[in-house]
Amino acid sequence: MMKAMTSSTNPLPAAAAAFLLGFASASPASPAAIDRAVTKGLKVLAQGTRDYEDHRSCFTCHHQTLPMLAQATAREHGFTIDQQLFDQQARLTHAGFKNRHDKLLAGMGIGGQSMTVAYALWALHLADWKPDKTTDAMTAYLIKTQRKDGGFQTNEQRPPLQDSPFTSATIAAYYLDEFVNESRRKEADAAIASARDKLIRSEPSRQEDLNARLWGLHLLNAGKDAIKAARRAVLDAQRPDGGWGQLPDMASDSYATGQALWILQETGLKVSSPAYQKGVAYLLKTQREDGSWFIKTRAHPIQTHFESGFPHGKDQFISICGTSWSVAALAAGAQSK
């Protein structure tokens, strides 16, 4: 984080000095506290995703991709996960596109459009899924539906999951690169370069934009200076309580905080840094007794609500996402077992 100014001619206000001092003196959370939080979070996520197929057959980013991210990150750091459930989520993701090759190749007929396809490829990548005819059709869809400005589809009715052009450009371009068939490599490289340029020249307007821009510039090799500036912008948005908020006029929450922390460490910030540890403290403080984190939905309902087994009623889908990001961030900050 920023260093406190020492010049006697331009002292920091007392409140600002106290804020920076708090960051400088942040002590790491105990491994036991993180272990408990991650374990409880994984349990409630499993509770909310295990019976998803009883209610829906379609792929979703909130019940597949982000819970899988939490599971994969936790497993990487030595936590025990429900591997059968993880594999089930990957199979459901693939099945959602397996019989839709014609529509994918035509660039049409996919609910949520390129954002949905990109999130699904991310889920398959988490599961180490090998490229096949279905993923080939999915990458063809992304190439076909990229916009002239280098961006991809967003959905303003479904914030924060699907309304950020930075998220759509990042995950579409990166997972296109990971799964593309070599027969489409030339088209894919042009699409990826266009998406990277879009990330570089566009101005973020919300926290997810800042987070995804940093991640995208890192994944797409935009250069050290661009990545450093993007990281600084994310760090500068951290609040005095240690968290981040989805929008400037919204309070800190687990969705924005968990996402910011996970992306910061993925792009090179040490989890021992004061900023990361302040974020960890915020997440530990705001976790509910049942293992979840609560997020109030801002999305306009598109599908009929159903009870998935996760807490928080009609706010449960975005709360699953906030919980997933939080578990991933905490697990990434844990000492590997």
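Here's what I pulled together on the structure shown here. (Residues numbered from 1 in each chain as written. Predicted model: local features only at pLDDT ≥ 70, side-chain atom pairs only at ≥ 80, totals over all residues. Heavy atoms only, no water.)

1. Details of empty space enclosed by the protein
To find leftover empty space, one rolls a probe the size of a water molecule over the atoms. Formally: Here a cavity is any set of points on a 1 Å grid over the protein atoms alone where a 1.4 Å probe fits but cannot get out, and a pocket is any open set with protein on both sides within 12 Å along at least 5 of 7 lines; a residue lines the site when it has an atom within 4 Å of a point. Grid points are joined across faces, edges and corners, and a volume is the space filled by probe spheres set on the points. A helix here means a DSSP run of H or I that spans at least four residues, while a strand means a run of E at least two residues long, and both kinds are numbered starting from the N terminus. Here the term charged refers only to Asp, Glu, Lys and Arg, the term nonpolar to Ala, Val, Leu, Ile, Met, Phe, Trp, Tyr, Cys and Pro, and the term polar to all other amino acids, Gly among them.
Overall, the coordinates contain two cavities of 30 Å³ or more when judged by the stated rule. When its volume is computed, the largest cavity comes out at roughly 60 Å³. Around the largest cavity, the lining residues are Tyr-119, Trp-122, Thr-167, Ile-171, Glu-208, Asn-211, Ala-212, Trp-215, Gln-259, Ile-263 and Trp-325. Considering every element that reaches the lining of the largest cavity, the biggest residue donor is helix H10 (residues 207–219), with four residues. For the lining of the largest cavity, the per-class residue count stands at seven nonpolar, three polar and one charged.

2. Quick notes on the packing of aromatic side chains
Both the distance between ring centres and the angle between the ring planes are used here to describe each pair of aromatic rings. Here is the rule we go by: Aromatic rings from Phe, Tyr and Trp, taking only the six-membered ring of Trp, are treated as a pair when their centres fall within 6.5 Å; an angle between ring planes under 30 degrees marks them as stacked, one over 60 as edge-to-face, and anything in between as tilted. Working definition: with a 1.4 Å probe on protein chains only, accessible area under 20% of the residue-type maximum means buried, over 50% means exposed, and in between means partly exposed. Whether a charge sits over a ring depends on NZ of Lys or CZ of Arg being within 6 Å of the ring centre and within 35 degrees of the ring normal.
Applying the stated rule across the entire model yields 10 aromatic pairs. Geometrically, the ring pair formed by Trp-122 and Trp-215 is tilted, given 5.1 Å between the ring centres and 50° between the ring planes. Taken as a pair, Trp-122 in helix H6 (residues 113–126) and Trp-215 in helix H10 lie far apart in primary sequence, 93 residues in all. Of the two residues, Trp-122 and Trp-215, both sit in the buried class. Seen from their ring centres, Tyr-174 and Tyr-175 are 4.9 Å apart, and the 80° between their planes marks the pair as edge-to-face. As far as burial versus exposure is concerned, Tyr-174 and Tyr-175 are alike and both buried. When the ring centre of Phe-86 is taken as reference, the NZ or CZ atom of Arg-75 above it lies at 4.7 Å.

3. What to know about the packing of helix H12 (residues 254–266) against helix H13 (residues 274–286)
For the record, the criterion: Axis definition: a line fitted to C-alpha atoms, limited for helices to the stretch in contact. Angles are taken between N-to-C directions and run from 0 to 180 degrees. Should the near helix be turned anticlockwise from the far one by less than a right angle, the crossing is left-handed, and should it be turned clockwise, the crossing is right-handed. Throughout, a contact is declared for two residues whenever any of their heavy atoms are within 4.5 Å.
In contact at an axis separation of 10 Å, H12 and H13 are set at 145° when each is read in the N-to-C sense. The way H12 lies across H13 gives a crossing that is left-handed. Across from Ser-254, Thr-257, Gly-258, Leu-261, Trp-262 and Gln-265 in H12, the residues of H13 making contact are Ala-275, Tyr-276, Gly-279, Val-280, Tyr-282 and Leu-283. Tallied by class, the residues present in the contact of H12 with H13 amount to seven nonpolar, five polar and no charged.

4. Observations regarding H13
Quick reminder of the rule: Expected span of a helix, by definition, is 1.5 Å for each gap between consecutive residues, and there is one gap fewer than residues.
Given a rise of 1.5 Å per residue, 13 residues ought to cover 18 Å, and the 18 Å separating the end C-alpha atoms of H13 matches this to within 8%. Burial in H13 covers these residues: Ala-275, Tyr-276, Gln-277, Gly-279, Val-280, Tyr-282 and Leu-283.

5. Considering the environment of Arg-185
Among the secondary structure elements, Arg-185 is positioned in helix H9 (residues 185–201). Of the residues examined, Arg-185 reaches a relative accessible area of 18% and is grouped as buried. On a C-alpha basis, the gap between Arg-185 and Asp-209 in space is 28 Å, while along the polypeptide they are 24 residues apart. In this structure, Arg-185 is in contact with Asp-177, Val-180 and Ile-192, ignoring residues within four places of it in sequence.

6. Digging into the nonpolar core
The following threshold applies: Think of a nonpolar core as a cluster: buried Ala, Val, Leu, Ile, Met, Phe, Trp, Tyr and Cys residues, connected wherever their side-chain atoms sit within 4.5 Å.
Counting 92 residues, the largest nonpolar core has Val-38, Val-117 and Trp-122 as its most contacted members. In this structure, Val-38 is in contact with Ala-74, Phe-79, Val-327, Leu-330 and Ala-331, ignoring residues within four places of it in sequence.

7. Let's talk about the pattern of salt bridges
Close approach of charged atoms allows side chains of opposite charge to pair. Basically, it comes down to this: A side-chain nitrogen of Lys or Arg and a carboxyl oxygen of Asp or Glu constitute a salt bridge if their distance falls within 4 Å.
Applying the stated criterion across every chain yields a total of 11 salt bridges. Arg-206 is paired through a salt bridge with Asp-163; the nearest N and O atoms lie 2.8 Å apart. Of the two residues, Arg-206 sits in the loop between H9 and H10 while Asp-163 sits in the loop between helix H7 (133–145) and helix H8 (165–179), which places them 43 residues apart along the sequence. Among the salt bridges present, the one from Arg-206 reaches Asp-209, with a minimum N-O distance of 3.0 Å. Judged by its relative accessible area of 1%, Asp-209 falls in the buried class. When salt bridges that share partners are traced, they join Asp-177, Glu-182, Arg-185 and Asp-189 into one network.

8. A few points about H6
If you check H6, its first and last C-alpha atoms are 21 Å apart, about what 14 residues at 1.5 Å a residue would give, namely 20 Å. Where burial is concerned, most of H6 is hidden: 12 out of the 14 residues are buried. Following H6 by one or two positions, Asp-128 has its phi on the positive side, about 55°.

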